[in-house]
Amino acid sequence: MPSHRPISIRPTMNFPSAEAGDRMTGRYKQKREAILNAAARLFDENGIKGTMLSEVAQQVGLNTNSITYYFKKKEDLVFECLMHTTNTISALAADSDTAATPEERVTRFVTGRWKKLAEAAQGQYPATMSFRDVGELDASYTKIIFSAYGDMFRRVRGLLATGPVTSDNRMSLTIRTHLLLTSTQWARTWLSNFSVADYERLAAYMCDVLINGLAAPGKPWGPTALDRKVASIKLPEPSNHGFLAAAISLLNEVGYNGASIDRISARLSVTKGSFYHHIPSKDDLFAECVSRTLAVVEGMQAAAIAGEGSGGDKLAALARSLVGYHFSPRGPLLRMTAWTELSNLEQFSGQVQPIRQLTQTVVDFLATGMMDGSVRPTHQAIAAWMVVGAINGSTTLDKWVPGSEKTDAVALYLKPFFHGICSD
């Protein structure tokens, strides 16, 4: 494998010095890591703009002024959480890079990620967080974070490569790397279903799906007649599609709190007055975003269930149709993690429960496919959550893999998931 630069573990910003006396030892270090752990979870759950330092302080038994002893402002804390995440993943990738084959490297990487998840659950290691809201930070932070993220991404991409990364295989490898990273990141959303003692087994199940795929050996890649039926469900075309598309894109990027009317209007190159002429309020617009995405997901599920074909055919058709819709002129789709964020808000309470429904439909297709021979035998629940996670990850593919929207993103992204992430 090609050599890499040494990992830079310590960020180069002006934060409280670890070398000042013995501050980074003992009680200080323990409390600082507890703050990072609590903050990463809250930033993931509520977004950067939706999380206050006082909430972080409450989680660790401090007042807000005490938090500033460790991190002068919230942006410093976000920066540290993100740098901790890139450093953690980079270190795991560097360790995994010593294995001989892509399959062995992926296994070591995923196993290492689950070990860190177990340590975080036990309070022995600060939790990692998603990069969803990184654009909300000032450029002085993002310049360093994006540089670290790029280095991390290249290290993980190297785990999948069987030779040099060239212009011919770069896009395919890059998309598969996004799939690998989002699959392991998404796992944090369903960890509460298991005890920490189960994590080692869960890692093995995830490796089985990633390396061997879901499709039975010899199962061809579509699309099929069922795809056309599922993808062509009839939906009323909204008169304000431009507003919906802009709002969904912004929600996918920065979440509810970051998606302001000003930013939506700027993206559409219209005034706020023009916005309110078409849309009564921000919440009304977001309610339409939710309703639109739910209509697509529920409609495609119903069409797949009612269609002719094996369990594997139905599962693949549903996944291809949802991802294809997102990249089509009719899209985009609202990412599922945004559904959860909105469901926590009073005005949307009880309105958003699609992840559970979609996951159950996927479980049904997997079970049917295993019985009819179109799906490999594997852990149904783990595979179902991974399918839903892969669909969710596709909604940020064009953001993290620029240019992917101009390719056959459905095949480059989903085919490796169904036939093995290490396969050509």
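Computed from a predicted structure; not experimentally measured. Within every chain, residues take consecutive numbers counted from 1 along the sequence as written. This being a predicted model, a pLDDT of at least 70 is required before a residue's local features are given, and a value of 80 or more before pairs of side-chain atoms are given or counted; all residues contribute to the totals for chains, interfaces and linings. Side-chain descriptors were evaluated using all non-hydrogen atoms of the structure, hydrogens and water having been removed beforehand.

The next thing to look at is the overall build of the protein chain. Within the protein chain, the secondary structure is distributed over 19 helices and 0 strands. Exposure classes here rest on a 1.4 Å probe applied to the protein chains alone. A residue is buried below 20% of its type maximum, exposed above 50%, and partly exposed in between. Considering the protein chain as a whole, with its 424 residues, one finds that 54% of them fall into the buried category. For the protein chain, restricting intrachain contacts to residue pairs at least 6 apart in sequence, the fraction spanning at least 24 positions comes to 77%. When the accessible surface of the protein chain is totalled, it reaches about 18400 Å², and 52% of it is carbon and sulfur. Numbered from the N terminus, helices here are DSSP runs of H or I no shorter than four residues, and strands are runs of E no shorter than two. In what follows, residue pairs with any heavy atoms lying within 4.5 Å of each other are defined as contacts. All accessible-area figures derive from a Shrake-Rupley calculation using a 1.4 Å probe, and residue coverage is judged against the displayed protein chains alone.

Turning next to the confidence of the model for the protein chain. Summary of the metric used: pLDDT quantifies the predictor's per-residue confidence within the range 0 to 100. Put simply, the protein chain has an average pLDDT of 86, and 90% of its residues get 70 or more. This model gives residues 1–22 a pLDDT under 50, and the stretch forms 40 contacts once residues within four places in sequence are excluded.

Our next topic: the UniProt feature "DNA-binding region" (unreviewed entry) in the protein chain. UniProt positions are given in the numbering used here, feature names are shortened, and annotations may be inferred rather than shown by experiment. The residues that UniProt annotates with the feature "DNA-binding region" (unreviewed entry) are residues 52–71 and 260–279. In residues 52–71, the share of helix is 70% and the share of strand is 0%. The end C-alpha atoms are 13 Å apart. Between the C-alpha atoms that bound residues 260–279 the distance is 13 Å, and the span itself is 75% helix and 0% strand.

This part is about the packing of aromatic side chains. Classification of ring pairs rests on two measures: the distance between centres of Phe, Tyr or Trp rings, Trp counted by its six-membered ring, which must be within 6.5 Å, and the angle between planes, read as stacked under 30 degrees, edge-to-face over 60 and tilted in between. Inspection of the entire model under this criterion finds 16 aromatic pairs. Judged by centre distance (6.3 Å) and plane angle (75°), the ring pair of Phe131 and Trp400 falls under edge-to-face. One end of the pair, Phe131, is in the loop between helix 5 (102–121) and helix 6 (139–160); the other, Trp400, is in helix 18 (residues 397–400), with 269 residues separating them in the sequence. Classification of Phe131 as buried rests on a relative accessible area of 10%. Assessed through its relative accessible area of 18%, Trp400 is described here as buried. Among the aromatic residues, ring-to-ring pairing joins Trp114, Trp190, Phe194, Tyr199 and Trp385 into one connected group. Directly above the aromatic system of Tyr125 lies the positively charged group of Lys116, at a separation of 4.1 Å from the ring centroid. One residue, Arg320, lies across the ring of Trp221, its end atom 4.6 Å from the ring centre. For a lysine, the NZ atom is tested; for an arginine, the CZ atom; a charge sits over a ring if that atom is within 6 Å of the ring centre and within 35 degrees of the ring normal.

What follows is about the UniProt feature "domain: HTH tetR-type" (unreviewed entry) in the protein chain. Residues annotated in UniProt with the feature "domain: HTH tetR-type" (unreviewed entry) correspond here to residues 29–89 and 237–297. For residues 29–89, the helix share is 79%, the strand share is 0%, and the end-to-end C-alpha distance is 21 Å. Along residues 237–297 the backbone is 80% helical and 0% strand, and the end-to-end C-alpha distance reaches 15 Å.

What follows concerns the domain arrangement of the protein chain. On domain assignment, one finds that the protein chain holds domain 1 (23–105 + 125–158) and domain 2 (209–417). Centre-to-centre separation of domain 1 and domain 2, based on C-alpha positions: 28 Å. Contacts between domain 1 and domain 2 engage 12 residues on the former and 13 residues on the latter. Simply put, the buried area is the total loss of 1.4 Å probe accessible area from both parts when two parts are fitted together. A combined buried area of about 980 Å² lies between domain 1 and domain 2, and 54% of that area is made up of carbon and sulfur atoms. Here, a salt bridge means any side-chain nitrogen of Lys or Arg that lies within 4 Å of a carboxyl oxygen of Asp or Glu. Taken together, the connections running from domain 1 to domain 2 amount to 1 salt bridge. Residue ranges for the domains originate in an automatic or database domain assignment.

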